[in-house]
There are 2 protein chains.
Amino acid sequence: MKIAVMGTGAVGRTLAGGLAELGHEVTVGTRNPETTAARTGEGSFTEWAEANPAVGLASFADAAAGAELVLNATSGAISIDALGQAGAPNLAGKVLLDVSNPLDFSQGMPPALAIVNTDSLGERIQRAFPDARVVKSLNTMNAEIMTDPRRLADGDHSVFVSGDDADAKQTVRGLLEQMGHTDVIDLGGIETARGAEMILPLWLRLYGSLGHLEFNFKIVR
Amino acid sequence: MKIAVMGTGAVGRTLAGGLAELGHEVTVGTRNPETTAARTGEGSFTEWAEANPAVGLASFADAAAGAELVLNATSGAISIDALGQAGAPNLAGKVLLDVSNPLDFSQGMPPALAIVNTDSLGERIQRAFPDARVVKSLNTMNAEIMTDPRRLADGDHSVFVSGDDADAKQTVRGLLEQMGHTDVIDLGGIETARGAEMILPLWLRLYGSLGHLEFNFKIVR
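First things first, this report covers the structure right here in the doc. (Residues numbered from 1 in each chain as written. Chains lettered and ligands numbered in written order. Predicted model: local features only at pLDDT ≥ 70, side-chain atom pairs only at ≥ 80, totals over all residues. Heavy atoms only, no water.)

Remarks on the relation of the copies chain B and chain A
Two copies of one chain are present, and they are related through a rotation about an axis combined with an axial shift. To keep it simple, the criterion reads: Copy-to-copy alignment: least squares on C-alpha atoms, limited to residues at pLDDT 70 or above in both.
Taken as rigid bodies, chain B and chain A are interconverted by a rotation of 180 degrees and an axial shift of 0.0 Å, the fit giving an RMSD of 0.0 Å. The superposition operator between the copies reduces to a two-fold rotation axis.

Digging into the packing of aromatic side chains
Just so we agree on the cut-off: Between the rings of Phe, Tyr and Trp (Trp by its six-membered ring), a pair exists once the centres lie within 6.5 Å; its type follows the angle of the planes, with under 30 degrees stacked, over 60 edge-to-face, and the other angles tilted. For helices the rule is a DSSP run of H or I covering at least 4 residues; for strands it is a run of E covering at least 2, with both sets numbered from the N terminus onward. Burial status follows relative accessibility: with a 1.4 Å probe on protein chains alone, a residue under 20% of its type maximum counts as buried, one over 50% as exposed, and anything between as partly exposed.
A full pass over the atoms with the stated rule returns six aromatic pairs over all chains. On the numbers, 5.8 Å between centres and 35 degrees between planes, the contact of B:Trp203 with B:Tyr207 is tilted. Here B:Trp203 pairs with B:Tyr207, and both are found in helix H11 (residues 200–210), just four residues apart, close to one helical turn. Overall, the relative accessible area of 9% leaves B:Trp203 in the buried class. Owing to a relative accessible area of 37%, B:Tyr207 belongs among the partly exposed residues under this scheme. What links up through ring pairs into an aromatic cluster is the set A:Trp203, A:Tyr207 and A:Phe215.

Regarding the pattern of salt bridges
Stated formally: Each reported salt bridge corresponds to a side-chain nitrogen of Lys or Arg within 4 Å of a carboxyl oxygen of Asp or Glu.
Taken as a whole, this structure holds 28 salt bridges over all chains when the rule is applied. Between A:Glu191 and A:Arg194 there is a salt bridge, with its nearest N and O atoms 3.9 Å apart. Overall, A:Glu191 belongs to the partly exposed group, its relative accessible area being 26%. Overall, A:Arg194 belongs to the buried group, its relative accessible area being 17%. Among the ionic pairs, B:Arg124 bridges to B:Asp119, the shortest N-O distance being 3.5 Å.

Some details on the interface of chain B and chain A
Test applied: Two residues qualify as a contact provided that any one of their heavy atoms is within 4.5 Å of a heavy atom in the partner residue. Here the quantity called buried area is the accessible surface, traced with a 1.4 Å probe, that two parts lose on coming together, added over both. Here a polar contact is taken to be a pair of N or O atoms separated by no more than 3.5 Å, where protein atoms must pair a possible hydrogen donor with a possible acceptor and residues adjacent in sequence count only if both atoms sit in side chains. Charged residues are taken to be Asp, Glu, Lys and Arg, nonpolar residues to be Ala, Val, Leu, Ile, Met, Phe, Trp, Tyr, Cys and Pro, and polar residues to be all remaining types, Gly included. Strand pairing requires that DSSP identify at least two bridges connecting the strands.
Contact with chain B, which involves 36 residues of that partner, is made by 36 residues of chain A. Across the chain B/chain A interface, buried area totals approximately 2800 Å², and carbon plus sulfur atoms make up 70% of it. The three residues of chain B that bury the most area against chain A are B:Leu202, B:Arg205 and B:Val220, which together make up 23% of that side's buried surface. For the pair chain B and chain A, the number of links is two salt bridges. Residue A:Glu191 pairs with B:Arg205 through a salt bridge whose shortest N-O separation is 2.4 Å. Applying the counting rule to chain B against chain A returns nine residue pairs in polar contact (both at pLDDT 80 or more). Mapped by element, the contributors of at least two residues to the side of chain B that touches chain A are strand E7 (112–113), strand E10 (183–188), helix H10 (193–197), H11 and strand E11 (216–220) of chain B. The leading source of residues in the side of chain B that touches chain A is H11(B), at six residues. Split into classes, the residues belonging to the side of chain B that touches chain A amount to 20 nonpolar, eight polar and eight charged. Direction of pairing for strand E11 (residues 216–220) of chain A relative to E11(B): antiparallel, over a ladder of five bridges. Residue pairing in the sheet places A:Lys218 in a bridge with B:Lys218 of E11(B).

Some words on the pairing of strand E9 (residues 158–163) of chain B
Residues and elements named next belong to chain B. What counts is decided by this rule: The definition of a right-handed crossover adopted here requires that, viewed with the strands pointing away, the path from the first strand over the helix to the second runs clockwise.
The buried count for E9 comes to six of six residues, which makes it a mostly enclosed element. Of the two faces of E9, the one carrying Ser158, Phe160 and Ser162 and the one carrying Val159, Val161 and Gly163 are both buried. Bridge analysis of strand E8 (residues 133–137) against E9 gives three bridges, and the strand direction is antiparallel. Note on E9: the bridge partner recorded for Ser137 is Val161. Judged from the five bridges that link them, E9 and E10 form a sheet pairing that is parallel. By the bridge assignment for E10, Ser158 is matched with Asp183. Each parallel crossover has a hand, and the one from E9 via helix H9 (residues 166–179) to E10 is right-handed.

Some points on helix H5 (residues 79–86) of chain B
Every α-helical turn comprises 3.6 residues, leaving residues that sit three or four positions apart pointing alike. All names here are of chain B. Definition in use: Note: the arc covers the axis-to-C-beta directions of the helix.
Restricting attention to buried positions, one finds in H5 the residues Ser79, Ala82, Leu83 and Ala86. Buried residues of H5, viewed axially, fall in a sector of 95 degrees; they line one side. The inward-facing, buried residues of H5 abut strand E1 (2–6), helix H4 (60–65), strand E4 (69–72), helix H6 (88–91), strand E5 (95–98) and helix H7 (121–128). Positioned one or two residues after H5, Gly87 has a phi angle of 100 degrees, which is positive.

Points about the environment of B:Pro110
Topologically, B:Pro110 is positioned in the loop between strand E6 (103–104) and E7. B:Pro110 sits 97 residues away from B:Tyr207 along the chain, and the two C-alpha atoms are 10.0 Å apart. Other than its neighbours up to four places away in sequence, B:Pro110 contacts A:Glu191, B:Leu204 and B:Arg205.

What follows is the structure in structure tokens.
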């Protein structure tokens, strides 16, 4: 599948690399590809791209235009703006897999949520781009576990999907299962993204308490 | 241990019954014991009390005064008021195990949270009763699983504790382990109750999606 991964940060890189390894044709979308490419040295996207030659780099708009599925891995605070740059016509009709979290670092650490309780970033993206088929998923775990769930307890943990479009959720479920996720729980419509996003404050405190990122939620039932 | 369970609802009854079965001396606290006792018939506390003769009934204040540990199982909306009726002097120095959730039903179903994100009910109770040693726990699962975790997957799931007093958390941990909880995760100070309370929106949507209450979170790590 042709996939545009929006965002050049750690989450975007990990997902882009993982999806390319699974045989998908992946392009990373960024605000300004020239600026991104011009940054070199340790930790740069350029360094990462050299180690991942199968993954392309393009503007948000070009990446989205050429994709069948768009994955939002930008930081929550800029997601609506980044997707706006991708352009509503380039998102229309497509599955928009949103893995972002609306973290608010303005009050110190651990971050609070900028959108919470009676709304969610997933819903806000769906409202901003009504012709996209938004599915919230994967935002409840570390990026390494998103793409390679088997690294933790042989994959014996859960991932959630929220979205109003049943076919879009089915497409995402297929992608998740291809990655190795075995327990995909459909929470319901995009409104249920509130639940998935509001687990982040617990995730952040578990990270603080456990002292590492190698954990995930399993819904025992 | 002498335990006062504040609240005559389903959660209070289940916890009171379970703790009495474990050999604790349990009194249920209510606003007006005469009014509570006067209500009879199916589903009443009186009916339940007849089946659980070891459990006493008293006013919030009398129950708290005679207890070593006070357990708040009132609904979140009235918890501060109920504990105020118990009386700050009757809570001073005692472990106050808070299992309540600040659910807000005013916006329809599923409920939102009345306190969220930059505060929590656990913290609010600690601030209102600074001499009590508040520990937030057990609020992330159904009451039946709180008291009898082994009924689900032989107890292979997690429970969280948050609180500023290490000894109080140790007392609660002992009680939880006596109930059958095997994975007690200390999240940190009472501030971390935000994480435990904010999992409720996901819990509510899982309830909607799974269609039953027999589930719990396990932190796989």
